[in-house]
Amino acid sequence: MTQAEIKLCSLLLQEHFGEIVEKIGVHLIRTGSQPLRVIAHDTGTSLDQVKKALCVLIQHNLVIYQVHKRGVVEYEAQCNRVLRMLRYPRYIYTAKTLYSDTGELIVEELLLNGKMTMSAVVKKVADRLTETMEDGKTMDYAEVSNTFVRLVDTHFVQRCPLVPATENSDTGPPPPAPTLVINEKDMYLVPKLSLIGKGKRRRSSDEDATGEPKAKRPKQSTDNKEPIPDDGIYWQANLDRFHQHFRDQAIVSAVANRMDQIFRSLPVGYNISKQVLDQYLTLLADDPLEFVGKSGDSGGGMYVINLHKALGSLATATLESVVQERFGSRCARIFRLVLQKKHLEQKQVEDFAMIPAKEAKDMLYKMLSENFISLQEIPKTPDHAPSRTFYLYTVNILSAARMLLHRCYKSVANLIERRQFETKENKRLLEKSQRVEAIIASMQATGAEEAQLQEIEEMITAPERQQLETLKRNVNKLDACEIQVDETIFLLESYIESTMKRQ
Amino acid sequence: MVFPIGCLNSQAPSIMASRGGGRGCGRGQLTFNVEAVGIGKGDALPPPTLQPSPLFPPLEFRPVPLPSGEEGEYVLALKQELRGAMRQLPYFIRPAVPKRDVERYSDKYQMSGPIDNAIDWNPDWRRLPRELKIRVRKLQKERTTIILPKRPPKTTEDKEETIQKLETLEKKEEEVTSEEDEEKEEEEEKEEEEEEEYDEEEHEEETDYIMSYFDNGEDFGGDSDDNMDEAIY
């Protein structure tokens, strides 16, 4: 793991789970697999705190454990999985677009809690949806169940590995930790549940007007007493499936843009005759993008989507775009030239790009120093003498992609740190504004007059309001940037993964 | 940005000699013919970089605007909500409240978190290594179910205090020893049991005031730590 990735993991863990979990998580990412006591000793944390942190990390699929010989359990962090936390909003939004609000909340609950039983999810989501509905209406469990099943059928949600059923638990002491297993065919098997019920609203009478604490009421332990029908069967979000969806989306939109470029003049209708469709496909196949390839002529020709090439094109487009935005369009022209011709000498670059030598040199060196372009030595003679060697400029897409990905991780870390800094700077003002809002809310609840509310609102002066507005704008911008960079991260990671698989 | 030529190694003198002396004497000796990469004779190279690049280098080009629109707004709001939500969940572990300067009476009645550092939520212990479970001392609960004390004798120090009162002396000693026995039995029998939920009712038996009486307002806004995101927007 690079320093940049570790730093980003640290920030993500700290934001979502607090400092203690962050300390333990980062330690494991740095050191690899370790047992409980070593973690406590090396981090200088109390054993109890380490236990708590590990429970949280394991629950959220960020740490796994393994029993080694002599009964020692070792814990290992999954750094890549931690980085996925950046993408949670995108997963949830995707679920919303595919399965509307119910799907959205199901995926949200699964991500927030790491893993849950189906019955727990259905109940929680039904309650949440009921809260948003009009008075008197409730969400039926059956509807939520149906959406859950659909999410499982399309593999967006999958089963977690199970505790194996013990045949003879009397033979010897139980193992220090279970070994969880999952069968391929069980991964999407929904248990037969008859979940009957409706969502419950949190009644406003729960909050006693006199302010008595809830403890005075008898504790609601009924939920714990009822036997859970799907006990032990846990579900988690299947991130790989979401990634497949994103990848498909990216390819489709890239092709759509391409089609727009070429066929802007043609009328857009949905009654495409077979001939026209044929033409489209041929054009796509011949297109230098090489997304679609034609494999054979049987049955009029089979068209295949070349995923690796598609991802490569997307990664390349990303690189080109970055060069353009960072160094200008002339640099971008040179970059595209070198990409196209694969290897070029200094002189050739100047000639083909039609840019004066001095500027061309300058631009090439700038890109070289930032590792977008590299120098390739081609010896003319076996002794590799420098005076008889070609030095060619070339773009190594894989290494450039890796370099850019590394920069992206750094960028996101910077964005998060800046956002935290901005918030910290204005902490006092934020607290004040919170208090004022709380006061206004409670006054409104007890029916205060307009004049009184005005008075309270004026507790925040105009310049302070201005400051709050600016803060809000900045935080929003930084957040939006994080989301944007994560999209680039996804593209680059997908390309790199696809390339590594082929090697 | 380090100028690339600076990274290249200097030549060994022997090779240099075979090339009939250096060209461009003002420059360093290099392993290859710099003309191949376009540095002509006598060209002025940029000065060497003597310090790290500035923290906020001036931007040559304006950055592309962020995407706006319904989708962007929604995902943004979702992100901020998630951040706030996660801080409220029991998975967010806060460091222990540091000990304060002076002991206060209300400390006894502060609901500052789960007892004995145990966790707030119930994981499925069957799926986790056994060593991760935190044992919970059940002293308090055991005592109140066995006897009806006016003041629960928590430690031996309390016990010493009550020695003064002759009427309760014997009774207390009996109770304490019997409790200690009970404790040991309980712990041996119920090793695998999950933690008990902290029962406010027992505390409330000891005082005439409701628990919010002891709220000294310290917790208000205190949870915010460094990030106040959930408060806004």
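Predicted, not measured: the structure shown is a model, and the values here were computed from it. (Residues numbered from 1 in each chain as written. Chains lettered and ligands numbered in written order. Predicted model: local features only at pLDDT ≥ 70, side-chain atom pairs only at ≥ 80, totals over all residues. Heavy atoms only, no water.)

Would you mind showing me how to read the overall build of chain A here?
Assigned secondary structure in chain A consists of 19 helices and eleven strands. For chain A, with 503 residues in total, the buried portion stands at 46%. Counting contacts in chain A only where the partners sit at least 6 residues apart, residues at least 24 apart contribute 65% of the total. (Helix = DSSP H or I, 4+ residues; strand = E, 2+ residues; numbered from the N terminus. Buried < 20%, exposed > 50% of the residue type's maximum accessible area, 1.4 Å probe, protein only. Contact = heavy atoms within 4.5 Å.)

Can you walk me through the overall build of chain B in this structure?
When helices and strands are counted, chain B shows six helices and zero strands. When the helices and strands of chain B are placed in sequence order, the string is α-α-α-α-α-α. Looking at chain B as a whole, 27% of its 233 residues qualify as buried. Nonlocal contacts in chain B, meaning residues at least 24 apart in sequence, comprise 53% of its contacts between residues at least 6 apart. Of the roughly 16500 Å² that chain B leaves accessible, carbon and sulfur atoms contribute 52%. (Areas by Shrake-Rupley, 256 points an atom, 1.4 Å probe, with all protein chains shown as cover.)

I keep staring at the pairing of strand β11 (residues 389–394) of chain A and nothing clicks. Help me out?
Looking along a regular strand, one sees the side chains alternate between the two faces of the sheet. All names here are of chain A. The element β11 is largely enclosed, with a buried count of five among its six residues. In this structure, strand β9 (residues 343–344) lies alongside β11, joined through two bridges in antiparallel fashion. Note that in β11 the partner of L344 across the bridge is Y393. (Pairing = 2+ DSSP bridges.)

Even after reading the chapter, I still don't get the sheet that holds strand β2 (residues 63–67) of chain A, so can you show me in this structure?
The strands that make up a sheet pair up through hydrogen bonds in the backbone, lying either parallel or antiparallel. Residues and elements named next belong to chain A. As summarised here, the arrangement of the three strands in space is β1-β3-β2, forming an open sheet in which the pairing is antiparallel. Every other strand in the sheet has two partners, leaving β1 (34–35) and β2 as the edge strands with one partner each. Judged from the five bridges that link them, β2 and strand β3 (residues 73–77) form a sheet pairing that is antiparallel. Across the sheet, Q66 pairs through a bridge with E74, a residue of β3. Packed on one face of the sheet, helix α2 (residues 19–31) meets β1, β2 and β3 and runs near 95° to β3. Where helix α4 (residues 47–59) meets the sheet, its contacts fall on β2 and β3, and the angle it forms with β2 comes to roughly 105°. (Axes fitted to C-alpha atoms, helices over the stretch in contact; angles between N-to-C directions.)

Help me understand the nonpolar core in this model?
Side chains of nonpolar character tend, in soluble globular proteins, to be buried together. In terms of nonpolar packing, the biggest core is built from 127 residues, with A:L54, A:Y75 and A:I334 touching the most fellow members. Residues contacting A:L54, with those up to four places away along its chain left out, are A:I24, A:L28, A:L36, A:I39, A:V63, A:Y75 and B:L132. In terms of nonpolar packing, the next biggest core, distinct from the first, is built from eight residues, A:I251, A:M259, A:A310 and A:L491 among them. (Core = buried A, V, L, I, M, F, W, Y, C linked by side-chain atoms within 4.5 Å.)

I would appreciate a short explanation of α4(A) in the present structure.
Residues and elements named next belong to chain A. In this model α4 runs 18 Å from its N-terminal to its C-terminal C-alpha over 13 residues, within 8% of the 18 Å that 1.5 Å per residue would give. Of all the positions in α4, only Q49, V50, K51, K52, A53, L54, C55, V56, L57, I58 and Q59 are classed as buried. Where α4 is buried, its residues contact α1 (3–17), α2, α3 (36–43), β2, β3 and α6 (88–113). Directly beyond the C-terminal end of α4, a positive phi value near 65° is found at N61. (Expected span 1.5 Å × (residues − 1).)

Quick question: what am I supposed to make of unusual backbone geometry here?
Leaving glycine out, the prevailing phi sign among residues is negative, and the prevailing peptide bond configuration is trans. All names here are of chain A. A positive phi is found at N61, a non-glycine position, where the angle reads about 65°. Structurally, N61 can be placed in the loop between α4 and β2. In this structure, N371 takes a positive phi of about 70° despite not being glycine. As for its placement among the helices and strands, N371 is situated in the loop between α15 (357–369) and β10 (374–379).

It is not clear to me how the packing of helix α13 (residues 329–341) of chain A against helix α14 (residues 346–353) of chain A should be interpreted in this structure. Could you clarify?
Packed helix pairs are characterised by how far apart their axes lie and by the angle those axes make with each other. All names here are of chain A. Two numbers describe how α13 lies on α14: the axes approach to 10 Å, and their chain directions differ by 115°. The handedness of the crossing between α13 and α14 comes out as right-handed. Packed against α13, whose contacting residues are R333, I334, L337 and K341, the element α14 presents V349, F352 and A353 at the interface. Taken together, the residues of the contact of α13 with α14 sort by class into five nonpolar, no polar and two charged. (Left-handed = near helix turned anticlockwise from the far one by under 90°. Nonpolar A, V, L, I, M, F, W, Y, C, P; charged D, E, K, R; others polar.)

For this particular structure, what's the right way to read the pattern of salt bridges?
When their charged atoms lie close together, side chains carrying opposite charge are able to pair. In total, this model carries 27 salt bridges over all chains according to the counting rule given. It is possible to trace a salt-bridge network through shared partners that takes in A:E15, A:R419, A:D479, A:E482, B:K79 and B:R83. (Salt bridge = Lys/Arg side-chain N within 4 Å of Asp/Glu carboxyl O.)

Even after reading the chapter, I still don't get a negative patch on the surface, so can you show me in this structure?
Residues A:E450, A:E455, A:E457 and A:E458 make up a contiguous surface patch of negative charge. Considering the arrangement of structural elements, one finds A:E458 in the loop between α18 (450–457) and α19 (462–501). (Patch = residues over 30% accessible without salt bridge, like charges linked within 9 Å, V, L, I, M, F, W, Y side chains within 5 Å. Lys, Arg positive; Asp, Glu negative; His and termini not counted. Charge placed at Lys NZ, Arg CZ, Asp CG, Glu CD.)

Sorry if this is basic, but what is going on with a nonpolar patch on the surface here?
The grouping of B:Y209, B:I210 and B:Y213 at the surface amounts to a nonpolar patch, some 320 Å² of accessible area in total. Structurally, B:Y213 can be placed in the segment after α6 (200–205).

Can you walk me through α1(A) in this structure?
Helical geometry: 3.6 residues make up each α-helical turn, so side chains three or four residues apart lie on a common side. Over its 15 residues, α1(A) runs 21 Å from end to end, which matches the ideal 21 Å to within 8%, given 1.5 Å per residue. For α1(A), the buried fraction is high: 13 of the 15 residues fall into the buried class.

I tried to follow the confidence of the model for chain A on my own but got confused; where do I start?
Caution applies to low-pLDDT regions: their predicted coordinates should not be interpreted in detail. Here chain A shows a mean pLDDT of 84. Residues at 70 or above account for 84%. Confidence over residues 205–225 of chain A falls short of pLDDT 50; this stretch has eleven contacts with residues more than four positions distant or in other chains. (pLDDT = per-residue confidence, 0-100.)

Would you take a moment to explain the state of the cysteines for this structure?
Should the sulfur atoms of two cysteines be covalently bonded, the bond is a disulfide. This model, assessed by the stated rule, comprises zero disulfides over all chains. There is no disulfide at A:C79, and the cysteine sulfur nearest it, in A:C9, is 3.4 Å away. (Disulfide = S-S within 2.5 Å.)

Help me understand the sheet that holds β11(A), please; the structure alone is not making it clear to me.
Across the sheet, which stays open at both edges, the three strands sit in the order β9-β11-β10 (chain A) with antiparallel pairing between neighbours. Two strands bound the open sheet, and with one partner strand each, they are β9 and β10 of chain A.

Before we go on, may I ask you to explain the packing of α14(A) against α15(A) in this structure?
Residue and element names in this part refer to chain A. Put simply, α14 and α15 touch, their axes get as near as 10 Å, and they point 115° apart. Comparing their axes, α15 and α14 come out roughly perpendicular. Considering only the axes of α14 and α15, their crossing is right-handed. The residues of α15 that touch α14, namely those facing Q346, V349 and E350, are A357, A360, K361, L364 and Y365. (Parallel < 35°, antiparallel > 145°, perpendicular 65-115°, else oblique.)

Any chance you could explain the packing of aromatic side chains here in plain terms?
One pair of aromatic rings is described through two measures. These are the centre distance and the angle between the planes. Counting across every chain of the model gives eleven aromatic pairs over all chains. A centroid spacing of 5.7 Å and a plane angle of 45° characterise the contact between A:Y93 and B:Y74, whose relative ring orientation is tilted. One end of the pair, A:Y93, is in helix α6; the other, B:Y74, is in helix α2 (residues 70–88), on a second chain. Ring geometry for A:F335 versus A:F372: centroids 6.5 Å apart, planes at 90°, classification edge-to-face. On the criterion of sequence distance, the pair formed by A:F335 in helix α13 and A:F372 in the loop between α15 and β10 is long-range, its members being 37 residues apart. When its relative accessible area of 1% is taken as the criterion, A:F372 is described as buried. (Phe/Tyr/Trp six-rings, centres within 6.5 Å; stacked < 30°, edge-to-face > 60°.)

Hey, could you run me through the environment of A:R407 in this one?
Residue and element names in this part refer to chain A. Examined against the element boundaries, R407 turns out to sit in helix α16 (residues 397–425). When the C-alpha atoms of R407 and P175 are compared, they prove to be 44 Å apart, with 232 residues separating the residues in sequence. Reaching out from R407, the side chain makes a polar contact with the side chain of E370 at a distance of 2.7 Å. (Polar contact = N/O pair within 3.5 Å; in protein donor to acceptor, adjacent residues only side chain to side chain.)

Would you explain the environment of A:S313 in this entry?
Residue and element names in this part refer to chain A. Its place among the elements puts S313 in helix α12 (residues 307–327). A relative accessible area of 18% places S313 in the buried class. For S313 and Q249, which are 64 residues apart along the polypeptide, the C-alpha to C-alpha distance reads 14 Å.

In this structure, what is going on with the confidence of the model for chain B? I would like to understand it.
Residues and elements named next belong to chain B. Put simply, chain B has an average pLDDT of 62, and 33% of its residues get 70 or more. Looking over chain B, one finds the lowest element-wise mean pLDDT in helix α1 (residues 13–18), namely 40, and the highest in α2, namely 92. When the criterion is pLDDT under 50, residues 177–205 qualifies, and its contacts beyond four places in sequence or with other chains add up to 39 contacts. Across the predicted assembly, pTM comes out at 0.75 and ipTM at 0.83.

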